[in-house]
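# Analysis of the macromolecular model
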Amino acid sequence: MGYSDSAKTAGRLASAWALYEAQEGMAEAGQRHGVTVSFFHGRGGTVGRGGGPMSLAIQSQPSGTIGGRMRVTEQGEMIQAKFGLAQIAERTLEVVTTAVLEASLAKPVEPTSSWREAMHAMSEASMRVYRKTVQEDQDFLRYFDQCTPVTELSHLRIGSRPQRRKAAGGGPGSLRAIPWVFAWTQTRWLLPAWLGVDAGLHAVSPALRAEMAERWPFFQSFLDLQEMVLAKACLLYT
């Protein structure tokens, strides 16, 4: 499951819901044909690339997608942060193992039809705002180039792949997800993690949002991460 490029293309909210439904569909297909499906989550360290507390992420996965097993990537500085010391590595494995067991044994929370309709409405609204800004606004690319160190990042001898995809032309569309998120992280603006989410949340009633947040781990996890990144951005710019 790829989190970085999907969020870069459609925005964080639409990406999260699309990945949720994709996992549900693959798990259902596997059960129908008697095939055990193991999901490999390609999460980055930051929220804009699918990152966040692993326990929270595991608990919010769709029903039938854990089943006692889960694979995840640990990339870049997250390897040092989670496995740099023996005691921390042991604690990391304890947290992940506990979360996988709880998600496998506990009765899953299935989203109701009204929650699904709300997520579709929120995804569409948030994606429209995200793409209108990133892909359609003629001034956005100039703003991005001038307010972030994205140009300077291209000169750094780090990473396993070129910063841009040659066949995709210029602009944010050709930029790989890692430098896209990293450039915004350097400004502490964290734009990929929240752009469009506000419009999405306002697409449904406050009462329905509150119900989803209280009863559905997936939506609760999403809101918790949004609260965290917005607190960081607001503390810097207020």
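Residues numbered from 1 in each chain as written. Predicted model: local features only at pLDDT ≥ 70, side-chain atom pairs only at ≥ 80, totals over all residues. Heavy atoms only, no water.

## Looking at the overall build of the chain
Regarding its fold elements, the chain presents 13 helices and 2 strands. The globule rule puts the C-alpha radius of gyration for 238 residues at 18 Å, and the 18 Å found for the chain is close to it. Principal axes of the C-alpha set define a box for the chain whose edges measure 50 × 45 × 40 Å. Split into buried and exposed, the 238 residues of the chain put 39% on the buried side. (Helix = DSSP H or I, 4+ residues; strand = E, 2+ residues; numbered from the N terminus. Rg over C-alpha atoms; globule rule 2.2 N^0.38 Å. Buried < 20%, exposed > 50% of the residue type's maximum accessible area, 1.4 Å probe, protein only.)

## Side note on the nonpolar core
Judged by nonpolar contacts, the single largest core of 17 residues is most densely connected at Met119, Met122, Met212, Trp216, Phe218 and Phe219. Among the elements of the structure, helix H2 (12–32), helix H6 (113–136), helix H11 (197–201), helix H12 (206–215) and helix H13 (217–237) are those that each provide at least two residues to this core. Residues in contact with Phe219, not counting those within four places in the same chain, are Met119, Met122, Leu201, Arg209, Met212 and Ala213. Membership of the second largest hydrophobic core comes to 13 residues, among which are Phe140, Val181, Trp184 and Leu195. (Core = buried A, V, L, I, M, F, W, Y, C linked by side-chain atoms within 4.5 Å. Contact = heavy atoms within 4.5 Å.)

## With respect to the packing of aromatic side chains
Two numbers describe a pair of aromatic rings. These are the distance of the centres and the angle of the planes. Going through the model one piece at a time under the given rule, you end up with 15 aromatic pairs. Ring centres of Tyr20 and Phe218 lie 4.6 Å apart, and the angle between their planes is 55°; on these two criteria the pair is classed as tilted. Of this pair, Tyr20 sits in helix H2 while Phe218 is found in helix H13, placing the two residues 198 residues apart along the sequence. Judged on exposure class, the residue Tyr20 and its partner Phe218 are both buried. Put simply, the rings of Trp17, Tyr20, Trp115, Trp216 and Phe218 touch in pairs and so form one group of aromatic residues. (Phe/Tyr/Trp six-rings, centres within 6.5 Å; stacked < 30°, edge-to-face > 60°.)

## Section: the side chain of Arg49
Mapped onto the secondary structure, Arg49 falls in the loop between strand S1 (40–41) and helix H3 (54–59). Overall, Arg49 belongs to the buried group, its relative accessible area being 11%. A polar side-chain atom of Arg49 sits 2.9 Å from a polar atom in the side chain of Ser4. Non-local contacts of Arg49, meaning those with residues more than four positions away in its chain, are made with Tyr3, Ser4, Arg43, Gly44, Gln75, Ala177, Ile178 and Val181. (Polar contact = N/O pair within 3.5 Å; in protein donor to acceptor, adjacent residues only side chain to side chain.)

Note that every value here comes from positions in space, so none of it alone points to a role or purpose.
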